[in-house]
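An overview of the molecular structure
Here is what each chain is made of, one letter per residue.
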Amino acid sequence: MIKRIGVLTSGGDAPGMNAAIRSVVRTCLHHQLETIGIRRGYAGLINDETVSLSGRSVSGIINRGGTILETARCDEFLTEEGQRKAKDAIRYHKIDALVIIGGDGTYRGAIQLWERWGVPCVCIPATIDNDLNGTDITIGADTAINTALEATDKIRDTATSMERVFVVEVMGRKSGYIAMQVALAGGAEEVLVPEREYDLEDMCHDICEGASRGKRSWIIIVAEGAAKAVDIADKITEITGLDTRVAVLGHIQRGGSPTAYDRILATRLGVEAVELLVNGDSGKAVGIRDGWVVSTDLHVAVKKKDQTRDVDYFYKLMKDVT
Ligand code: ATP
């Protein structure tokens, strides 16, 4: 019988983490369970940084970016000694199970806690990169895309006023998901993603051909995992002779108020995570597939997501309408 659930956010922060925390706490209340918040992810477990979460303590946070519990990357948790300290803190606080919110590294930590130390865990996918198996989309990705899109739209306004090539670098680590979606929604002329080989000479040839037809501006979206925008811009200037500018959007993509989609996704997944634990399930990640909430074994969920088919489809779509 579970009486007390711990909740933590770990890895990179993502908009919608607060909505997930709120959902977990309120669902626990619904089941008459106590919720203990653990600050700064696995680091907070090791250093015993806990806070009791009431229904009221999570009011007014559904619309806020970041995470009220804060998050961290913690190398000590990779060691046996670090994990032992974490387990001792869990025992000390009489925490029966954990809801763990984060990305693939965070999932790997949860596998350790469950399989090595016997702590029941369910994970919620929250990372702007959308690189996790077991869910069609992760919490935070939709907001990051909309933030990057808004910035790209503004860049387009200035690009069209002068003859210029703008190279816009977006986040996503090894995933090109954000880049591809922003390119499509922003009407970009080209996109470079890590999942797809690109030919700069070909791209520059297309740009020159466009220029000869009177085209005056170009937006090239570059995923951070594919190349550095500044290197691509230098090459474009060298080959085409056109004026090129670079915009690296950086951390603004992690911030801001979560979109309605992310808030609703986080709310649905938070409820499901607690329901699974209440029903005696563990070692799972919750997610969304074809619009339905699902759960997946954590070992499957951490495997690299194969995005090749999606990337090929979206790339063709983008080129067809350019
Ligand atoms: P994001 O995708 O947003 O970066 P993430 O969860 O993948 O989020 P990581 O920094 O990779 O972020 O992982 C978060 C934390 O999870 C690490 O700092 C570490 O404490 C723990 N962790 C990562 N890999 C492992 C592992 N193999 N075993 C145990 N713990 C791990």
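Residues numbered from 1 in each chain as written. Predicted model: local features only at pLDDT ≥ 70, side-chain atom pairs only at ≥ 80, totals over all residues. Heavy atoms only, no water.

1. A few points about empty space enclosed by the protein
A probe matching the size of a water molecule, rolled over the atoms, marks out where space remains unfilled. What the rule picks out here adds up to one cavity of 30 Å³ or more. Its volume calculated, the largest cavity comes out at about 60 Å³. As for the largest cavity, its lining consists of Gly-176, Tyr-177, Met-180, Gln-181, Glu-195, Gln-307, Asp-310, Val-311 and Phe-314. Only α6 (177-186) and α11 (308-321) provide two or more residues apiece to the lining of the largest cavity. Classifying every residue of the lining of the largest cavity gives four nonpolar, three polar and two charged. (1 Å grid on protein atoms, 1.4 Å probe; cavity = no way out; pocket = protein on both sides within 12 Å on 5 of 7 lines; lining within 4 Å. Points joined across faces, edges and corners; volume = space filled by probe spheres on them. Helix = DSSP H or I, 4+ residues; strand = E, 2+ residues; numbered from the N terminus. Nonpolar A, V, L, I, M, F, W, Y, C, P; charged D, E, K, R; others polar.)

2. Brief notes about the sheet that holds strand β7 (residues 190-192)
Strand order in the open sheet formed by four strands is β7-β8-β6-β9, with parallel pairing between adjacent strands. Only two strands of the sheet have a single neighbouring strand rather than two, namely β7 and β9 (244-248). On average, each strand axis in the sheet is tilted by 20° relative to the strand beside it, whichever way the strands run. With three bridges joining them, β7 and strand β8 (residues 217-223) adopt parallel strand pairing. (Pairing = 2+ DSSP bridges. Axes fitted to C-alpha atoms, helices over the stretch in contact; angles between N-to-C directions.)

3. Some points on the environment of Asp-312
Its place among the elements puts Asp-312 in helix α11. On the basis of relative accessible area, Asp-312 is assigned to the partly exposed category, the value being 41%. Each C-alpha atom of the pair Asp-312 and Val-170 lies 19 Å from the other, and the pair is 142 residues apart in sequence. (Buried < 20%, exposed > 50% of the residue type's maximum accessible area, 1.4 Å probe, protein only.)

4. Observations concerning helix α4 (residues 104-115)
For an α-helix the count is 3.6 residues per turn, leaving residues at separations of three or four pointing the same way. The end-to-end C-alpha distance of α4 is 16 Å, a good match for the 16 Å that 12 residues give at a rise of 1.5 Å each. All buried positions along α4 are accounted for by Thr-106, Tyr-107, Gly-109, Ala-110, Ile-111 and Leu-113. Buried residues along α4 sit in contact with α2 (41-46), α3 (80-92), β4 (97-102), β5 (121-125), β10 (284-289) and α10 (298-301). (Expected span 1.5 Å × (residues − 1). Contact = heavy atoms within 4.5 Å.)

5. Quick word on the sheet that holds β4
With mixed pairing, seven strands are arranged side by side in an open sheet as β3-β2-β1-β4-β5-β10-β11. Of all the strands in the sheet, just β3 (50-53) and β11 (292-297) have a single pairing partner and so form its edges. Neighbour-to-neighbour, the strand axes of the sheet open up by a mean angle of 30°, direction not taken into account. When strand β2 (residues 34-38) meets β3, the two strands line up antiparallel, connected through four bridges. Residue pairing in the sheet places Ile-38 in a bridge with Thr-50 of β3.

6. Focus on the site of the ligand
The local shell around the ligand holds 19 residues, among which Arg-73, Cys-74, Asp-104, Thr-106 and Arg-173 are the closest. Between Gly-12 and the ligand, the recorded distance is 3.3 Å, taken from a backbone N or O atom to an oxygen atom. Taking Asp-104, its side chain carries an N or O atom lying 2.8 Å from an oxygen atom of the ligand. Burial of the ligand by the protein amounts to 85% of the accessible area it has alone, namely 630 Å². When atom positions are compared with the pocket grids, the ligand is found to occupy the largest pocket. Looking at the shell around the ligand element by element, the count peaks at six residues for α4. Class assignment for the residues of the shell around the ligand results in four nonpolar, 10 polar and five charged. (Near = heavy atom within 4 Å. Polar contact = N/O pair within 3.5 Å; in protein donor to acceptor, adjacent residues only side chain to side chain. Areas by Shrake-Rupley, 256 points an atom, 1.4 Å probe, with all protein chains shown as cover. Sits in = over half its atoms within 2 Å of the grid points.)

7. Some points on the side chain of Ser-217
Turning to its location among the elements, Ser-217 is positioned in strand β8. For Ser-217, the contacting residues outside a window of four places in its chain are Arg-156, Ala-159, Thr-160, Met-162, Arg-164 and Glu-189.

8. Looking at the nonpolar core
Ranked by size, the top nonpolar core spans 79 residues in total, and within it Val-99 and Ile-221 carry the most contacts. Structurally, this core is a two-domain feature, drawing no fewer than three residues from each of domain 1 (4-140 + 258-303) and domain 2 (142-254). Formed by 25 residues, the second largest nonpolar core is a distinct cluster that contains Ile-46, Phe-77, Ile-95 and Leu-298. (Core = buried A, V, L, I, M, F, W, Y, C linked by side-chain atoms within 4.5 Å. Domains from an automatic or database assignment.)

9. So, the domain arrangement of the chain
Partitioning the chain into structural domains gives domain 1 (4-140 + 258-303) and domain 2 (142-254). Inter-centroid distance (C-alpha atoms) of domain 1 to domain 2 is 34 Å. Taken together, the contacts link 15 residues of domain 1 with 12 residues of domain 2. Both faces considered, domain 1 and domain 2 share a buried interface measuring about 1,200 Å² in area, 49% of it formed by carbon and sulfur atoms. Broken down residue by residue, the surface that domain 1 buries against domain 2 is led by Ile-128, Asp-129 and Thr-259, which jointly contribute 42%. Along the contact surface separating domain 1 from domain 2 lie one salt bridge. For Arg-173, the salt bridge is made with Asp-129, and the minimal N-O distance between the two is 3.6 Å. Remark: the boundary between domain 1 and domain 2 carries eight residue pairs in polar contact (both at pLDDT 80 or more). Classifying every residue of the side of domain 1 that touches domain 2 by side-chain character gives five nonpolar, four polar and six charged. (Buried area = accessible area lost by both parts, 1.4 Å probe. Salt bridge = Lys/Arg side-chain N within 4 Å of Asp/Glu carboxyl O.)

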